[in-house]
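# What the coordinates show
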Amino acid sequence: MPHDSVPAAAAPAGDSVPEDLWRLRRSIDNIDAALVHMLAERFRVTREVGVLKAIHRLPPVDSSREEAQVAKLRGMAERAGLDADFAETFIRRVMAEVVRQHGEIAAERRGG
Ligand SMILES: O=C(O)C(=O)C[C@]1(C(=O)O)C=C[C@@H](O)C=C1
């Protein structure tokens, strides 16, 4: 429910917690929007990679690149105060979807 449709009586007068909660949720909304847009941009770029790989008949997966990315992002996550295992799970899930899309792109170019 959007916060402006919550009746004013929902929070007792003088209680600042709900207002803080809405303020934090507005930050979360902005961050989530940025994440979605960044992710969409990453997939636009990786789709271009997929087309190039299909043209040059390269395999969709490049394991050494994936491992290098995971190691780099784990270090970055640790320095940023983000759980490194969570960051690894996330990026591996993204790369798995990239590989799936690359397979699709290659199949389309083969006429399948
Ligand atoms: O860099 C590539 O070759 C990609 O296809 C991109 C990407 C990635 O999403 O980072 C995805 C699949 C590969 O196994 C390695 C990396």
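Per an unreviewed UniProt entry, the recorded name for the protein is chorismate mutase, and the organism is Falsiroseomonas algicola.

## A short note on the site of the ligand
Around the ligand sit 13 residues in total, of which Arg-42, Lys-53, Asp-62, Glu-66 and His-102 are the nearest. One of the side-chain nitrogen or oxygen atoms of Arg-42 is found 2.8 Å away from an oxygen atom of the ligand. Out of a free accessible area of 360 Å², the ligand has 90% covered by protein chains. At the level of secondary structure, the elements contributing two or more residues to the shell around the ligand comprise α1 (17-55), α2 (63-80) and α3 (84-109).

## A word on the pattern of salt bridges
Taken as a whole and assessed by the stated rule, the structure comprises nine salt bridges. A salt bridge links Asp-20 to Arg-23, with the nearest nitrogen and oxygen atoms 3.8 Å apart. Here Asp-20 and its partner Arg-23 are both found in helix α1, three residues apart, which amounts to about one turn of the helix. When salt bridges with common partners are traced through the structure, they connect Glu-67, Arg-74, Asp-85, Glu-88 and Arg-92 into a single cluster.

## Some details on the packing of α2 against α3
Each pair of packed helices gets described by two things: the angle between the helix axes and the distance between those axes. Running from amino to carboxyl end, α2 crosses α3 at an angle of 145 degrees, the nearest separation of the two axes being 9 Å. For the pair α2 and α3, the crossing hand works out as right-handed. In this structure, α2 contributes Glu-66, Glu-67, Val-70, Leu-73, Arg-74, Ala-77 and Glu-78 to the contact, and α3 contributes Ala-84, Asp-85, Ala-87, Glu-88, Ile-91, Arg-92, Met-95 and Val-99. Across the contact of α2 with α3, the residue classes break down as eight nonpolar, no polar and seven charged.

## Things to note about the nonpolar core
Core analysis: the biggest nonpolar cluster contains six residues, these being Phe-43, Val-70, Ile-91, Val-94, Met-95 and Val-98. In terms of residues, this core owes the most to one element, α3, which gives four residues. Each residue touching Val-94, except ones within four places of it in the same chain, is listed here: Leu-39, Arg-42 and Phe-43.

## Quick look at a nonpolar patch on the surface
Where nonpolar side chains cluster on the molecular surface, the patch consists of Leu-82, Phe-86 and Phe-90 and spans about 310 Å² of accessible area. Following the sequence through the fold, Leu-82 ends up in the loop between α2 and α3. Its relative accessible area of 43% is what places Leu-82 among the partly exposed residues.

## Here we look at the side chain of Glu-88
Along the chain, Glu-88 turns up in helix α3. Sequence-distant contacts of Glu-88, that is, excluding residues within four places in its chain, are made with Val-70 and Arg-74.

The rules we used
Residues numbered from 1 in each chain as written. Predicted model: local features only at pLDDT ≥ 70, side-chain atom pairs only at ≥ 80, totals over all residues. Heavy atoms only, no water. Near = heavy atom within 4 Å. Polar contact = N/O pair within 3.5 Å; in protein donor to acceptor, adjacent residues only side chain to side chain. Areas by Shrake-Rupley, 256 points an atom, 1.4 Å probe, with all protein chains shown as cover. Helix = DSSP H or I, 4+ residues; strand = E, 2+ residues; numbered from the N terminus. Salt bridge = Lys/Arg side-chain N within 4 Å of Asp/Glu carboxyl O. Axes fitted to C-alpha atoms, helices over the stretch in contact; angles between N-to-C directions. Left-handed = near helix turned anticlockwise from the far one by under 90°. Contact = heavy atoms within 4.5 Å. Nonpolar A, V, L, I, M, F, W, Y, C, P; charged D, E, K, R; others polar. Core = buried A, V, L, I, M, F, W, Y, C linked by side-chain atoms within 4.5 Å. Buried < 20%, exposed > 50% of the residue type's maximum accessible area, 1.4 Å probe, protein only. Patch = residues over 30% accessible without salt bridge, like charges linked within 9 Å, V, L, I, M, F, W, Y side chains within 5 Å.

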